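Residues per chain are reported as follows:
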Amino acid sequence: LVLLEQAIAIDPHYGPALSLAAMCQRQLVINGWAEAPETNRRKATDLARQALQAAQNDPGTLVYAALVLAHFGEDIGAMIGLVDRALALNPSFARGRNVSGVLRTFAGQPDLAIEHLQTSLRLSPRERIGTSLLTMGAAYFFKRRFDEAASKLLLAIQDDPGAPVPFRFLAACYAHIGRLDEARA
């Protein structure tokens, strides 16, 4: 974040640095590392809006700004529109497909979310680019396809065993399918 702030000081209209700084501020809030979460939330949304003004046709900037703004309550349909624009500019943008899957899960579109997440994984099978497996597991969970959700969540846990969210979804999946001992564990 310090390096991004230095880049922004040099060029206050550098969209990629603005959007990545917004993502960092978002992470501080999400992970509970922010001493003043409301201040970090405000910084994140301000940086995301500045990024959109500065780099309206940069796919990475569009995607990161849309994710930040969606996370902090902006209109999900409008944010999906930004991601769709990024994907129109670069259809092979794996991170863009990942974020599209995340936003479509938030928006209650699990089928399209799964499709975009699968495309993201095909485009970048070895690179860890977000939470594709976790989000796919969540999308299957919301479709009430708990066995498929559990298999994706187990892979997400294998990929990042310290992350708590996949364990939460997995416990809920196990409870729904009657595997209560495994849910408790």
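Just so you know, these numbers come straight off a predicted model, no measurement behind them.

**As for the packing of helix H1 (residues 2-10) against helix H2 (residues 15-30)**
Between H1 and H2, the shortest axis-to-axis distance is 9 Å and the interhelical angle comes to 145 degrees. In the crossing of H1 with H2, the sense of the turn from one axis to the other is left-handed. Residues Leu4, Glu5, Ala7 and Ile8 of H1 form the contact with H2, whose participating residues are Ala17, Leu18, Leu20, Ala21, Cys24 and Gln25. Taken together, the residues that form the contact of H1 with H2 break down as eight nonpolar, one polar and one charged.

**Looking at the environment of Glu148**
With respect to the helices and strands, the residue Glu148 is situated in helix H9 (residues 146-159). With a relative accessible area of 30%, Glu148 lands in the partly exposed category. As for Glu148 and Cys173, which are separated by 25 residues in sequence, their C-alpha atoms are 9.4 Å apart.

**Description of unusual backbone geometry**
Phi is positive for Arg144, close to 65 degrees, though the residue is something other than glycine. Tracing the backbone shows Arg144 in the loop between helix H8 (132-142) and H9. Relative accessible area serves as the criterion here: at 56%, Arg144 is assigned to the exposed category.

**Re H8**
Across the 11 residues of H8, 10 count as buried, placing the element largely inside the fold. For H8, the complete set of buried residues consists of Ser132, Leu133, Leu134, Thr135, Met136, Gly137, Ala138, Ala139, Tyr140 and Phe141. Buried residues along H8 sit in contact with helix H6 (94-106), helix H7 (110-123), H9 and helix H10 (164-176).

**Overview of the nonpolar core**
Within the largest apolar cluster, 32 residues are counted, with the highest numbers of intra-cluster contacts made by Val68, Met79, Val83 and Leu103. Elements that contribute at least two residues to this core include exactly H1, H2, helix H3 (37-54), helix H4 (59-71), helix H5 (76-89) and H6. If we ignore the near neighbours within four places in the chain, the residues touching Val68 are Ala22, Met23, Arg26, Ala44, Thr45 and Ala48. Of all hydrophobic cores here, the second largest spans 21 residues; its members include Ala113, Leu117, Ala138 and Leu170.

Quick notes on the rules
Residues numbered from 1 in each chain as written. Predicted model: local features only at pLDDT ≥ 70, side-chain atom pairs only at ≥ 80, totals over all residues. Heavy atoms only, no water. Axes fitted to C-alpha atoms, helices over the stretch in contact; angles between N-to-C directions. Helix = DSSP H or I, 4+ residues; strand = E, 2+ residues; numbered from the N terminus. Left-handed = near helix turned anticlockwise from the far one by under 90°. Contact = heavy atoms within 4.5 Å. Nonpolar A, V, L, I, M, F, W, Y, C, P; charged D, E, K, R; others polar. Buried < 20%, exposed > 50% of the residue type's maximum accessible area, 1.4 Å probe, protein only. Core = buried A, V, L, I, M, F, W, Y, C linked by side-chain atoms within 4.5 Å.

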